Amino acid sequence: MQALWMVLGAFLFASMGVCIKLASAHFNAAELVFYRGLIGLVLTWLLARSQQVSLSTRYPGMHAWRSLIGVSALGAWFYAIGQLPLATAMTLNYMSSVWIAAFFVGGALLAWRPSAATPRPALQGPLVLTVLAGFAGVVMMLRPSLDHNQMFAGLVGLLSGMASAFAYMQVVALSRVGEPETRTVFFFAVGSAVAGAAAMLVVGASPWPGLPALWLLPLGLFATGGQLCMTRAYASAKTQRGTLVVANLQYSGIVFASIYSVALFGDRLPLIAWAGMALIVGSGITATVLRARTAPRTPAEEH
């Protein structure tokens with residue numbers, strides 16, 4: 001069942017991407033972040049109430065920092081989805097696992113202080129190769145598949161994956177101090193709504209489009225439903241092997257997004273771009289496996 005929950009969550013996130021793609025013709029990224037947060041806020045508040053989970057916290061600073069990073073990732077991702085083929089934007093955001101591996105290697109080297117008592121940490125050869133393979137996949141996707149006017153959006157999409165990795169590390173920190181997942185998701189929704197509203201004061205709000213605004217409702221529903229399904233999948237995985245299966249099935253979201261991209265939007269990517277996408281997925285799966293050996297039972301990544 002945990003595998004089915006993860007596949008369902010990945011499908012819902014890909015479906016959210018479709019709603020963002022369609023709504024981005026009428027709303028800017030700040031507005032999409034605001035409405036995604038507002039709807040998620042209401043839904044997670046109702047869920048917390050039904051679960052009798054208190055929303056008061058002893059770690060407001062950690063939640064604020066997590067929300068700041070997470071909202072930055074969300075805004076960048078929403079912008080990339082609006083400007084790029086859906087499959088490309090989704091894949092760039094799923095680079096977060098590769099970024100986490102890069103942070104793991106770089107952090108170990110930066111923390112080392114030369115001395116006779118502390119030998120240099122191992123270079124983690126498999127992780128280094130995984131990171132290099134992931135970035136090779138990015139080059140294969142971006143150079144042949146994007147026009148010059150889309151390159152900026154591609155870089156923004158890549159940065160969304162990096163920011164997602166930072167946000168994930170903060171989620172891990174919150175889980176280690178005992179914060180329940182529902183509370184973490186709730187405060188992230190609050191941060192999204194507040195940050196989106198503040199950004200709208202700067203960039204402005206779009207004219208209300210009427211009927212197309214209905215895309216905002218499934219956007220929030222799919223986003224919240226996808227996160228809850230992923231959380232349920234990880235909670236149902238009782239062994240490390242089960243956790244690894246669940247973690248790697250999140251990449252089925254790229255498959256769903258690719259189907260949507262071709263079937264609904266008529267996107268046509270060259271063969272080398274598809275090969276780059278496969279390389280990113282493979283490196284992400286490898287990074288997840290290697291990370292699980294050193295940090296098992298960590299919470300789900302968000303997309």
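A short tour of the structure in this document, coming up.

Procedures and definitions
- Residues numbered from 1 in each chain as written.
- Predicted model: local features only at pLDDT ≥ 70, side-chain atom pairs only at ≥ 80, totals over all residues.
- Heavy atoms only, no water.
- Helix = DSSP H or I, 4+ residues; strand = E, 2+ residues; numbered from the N terminus.
- Buried < 20%, exposed > 50% of the residue type's maximum accessible area, 1.4 Å probe, protein only.
- Contact = heavy atoms within 4.5 Å.
- Areas by Shrake-Rupley, 256 points an atom, 1.4 Å probe, with all protein chains shown as cover.
- Phe/Tyr/Trp six-rings, centres within 6.5 Å; stacked < 30°, edge-to-face > 60°.
- Lys NZ or Arg CZ within 6 Å of the ring centre and 35° of its normal.
- Axes fitted to C-alpha atoms, helices over the stretch in contact; angles between N-to-C directions.
- Parallel < 35°, antiparallel > 145°, perpendicular 65-115°, else oblique.
- Left-handed = near helix turned anticlockwise from the far one by under 90°.
- Patch = residues over 30% accessible without salt bridge, like charges linked within 9 Å, V, L, I, M, F, W, Y side chains within 5 Å.
- Salt bridge = Lys/Arg side-chain N within 4 Å of Asp/Glu carboxyl O.
- Core = buried A, V, L, I, M, F, W, Y, C linked by side-chain atoms within 4.5 Å.
- Expected span 1.5 Å × (residues − 1).

Observations concerning the overall build of the chain
The secondary structure content of the chain amounts to twelve helices and zero strands. Ordered by position from the N terminus, the helices and strands of the chain form the series α-α-α-α-α-α-α-α-α-α-α-α. Put simply, the chain has 303 residues, and 50% of those count as buried. Across the chain, contacts joining residues at least 24 apart in sequence account for 88% of those joining residues at least 6 apart. Total accessible area on the chain stands at roughly 13800 Å², and carbon and sulfur atoms take up 70% of it.

Details of the side chain of Ser164
Residue placement: Ser164 occurs in helix H7 (residues 151–176). The exposure class assigned to Ser164 is buried, which follows from its relative accessible area of 11%. Those residues in contact with Ser164, other than ones at most four positions away along the chain, are Ala73, Asn93 and Ser96.

Describing the packing of aromatic side chains
According to the stated counting rule, one finds ten aromatic pairs in the structure shown. Measuring from centroid to centroid gives 6.0 Å for Phe27 and Tyr35, while their planes differ by 70°, and the two rings are edge-to-face. Judged by its relative accessible area of 3%, Phe27 is buried. Of the residues examined, Tyr35 reaches a relative accessible area of 19% and is grouped as buried. Relative to Phe152, the ring of Tyr79 has its centre 6.1 Å away and its plane inclined at 75°; by these criteria the two rings are edge-to-face. Here Tyr79, found in helix H3 (residues 60–83), pairs with Phe152, found in helix H7; they are 73 residues apart in sequence, far enough to count as distant. Classification of Tyr79 by relative accessible area gives partly exposed; the value is 30%. Site record: aromatic cluster; members linked through ring pairs are Phe27, Phe34, Tyr35 and Trp208. The positively charged end of Arg66 is found above the aromatic ring belonging to Phe188, 4.2 Å away from the centroid.

Some details on the packing of helix H1 (residues 2–23) against H3
Direction vectors running N to C along H1 and H3 enclose 70°, while the axes themselves pass 8 Å from each other. Accordingly, the angle class assigned to the pair H1 and H3 is roughly perpendicular. Judged by the sense of rotation from one axis to the other, the crossing of H1 with H3 is right-handed. Touching Met16, Gly17, Ile20 and Lys21 of H1 are Trp77, Phe78, Ile81, Gly82 and Gln83, all from H3.

Considering a nonpolar patch on the surface
Together, Val42, Trp45 and Leu46 line one region of the surface with nonpolar side chains, adding up to about 270 Å² of accessible area. Here Leu46 lies in helix H2 (residues 29–51). In this structure Leu46 comes out as partly exposed when scored by relative accessible area, which is 44%.

Here's the deal with the nonpolar core
Ranked by size, the top nonpolar core spans 59 residues in total, and within it Met16, Leu32 and Phe78 carry the most contacts. Considering each element in turn, this core owes the most residues, eight residues, to H1.

A few points about the environment of Phe166
Turning to its location among the elements, Phe166 is positioned in helix H7. Along the primary structure Phe166 and Ile69 are separated by 97 residues, whereas in three dimensions their C-alpha atoms are 6.9 Å apart.

Brief notes about the environment of Leu32
Relative to the assigned elements, Leu32 resides in helix H2. Distance in space between the C-alpha atoms of Leu32 and Ala197 is 10.0 Å, their sequence separation being 165 residues. Those residues in contact with Leu32 that sit more than four places away from it in its chain are Ile20, Ala23, Ser24, Phe27, Phe78, Leu216 and Leu219.

What about the pattern of salt bridges?
On inspection of all chains with the given rule, the structure shows one salt bridge. Across the salt bridge formed by Arg183 and Glu179, the nearest N and O atoms sit 2.7 Å from each other.

A word on the environment of Leu290
Residue position: Leu290 is located in helix H12 (residues 271–294). Separated by 160 residues in sequence, Leu290 and Thr130 have C-alpha atoms that sit 9.5 Å apart.

Overview of unusual backbone geometry
Most peptide bonds take the trans configuration, and most residues that are not glycine carry a negative phi. Residue Gln52 is not a glycine yet carries a positive backbone phi of 60°. Relative to the helices and strands, Gln52 resides in the loop between H2 and H3. Taking the relative accessible area as the measure of exposure, Gln52 reaches 74% and is therefore exposed.

A few points about helix H11 (residues 252–265)
Helix length check: H11 (14 residues) gives 19 Å between terminal C-alpha atoms against 20 Å at 1.5 Å per residue, within 8%. Every buried residue of H11 is accounted for by Ser252, Gly253, Ile254, Ala257, Ser258, Tyr260 and Ser261. Directly after H11, the chain includes Gly266, whose backbone phi takes a positive value near 65°.

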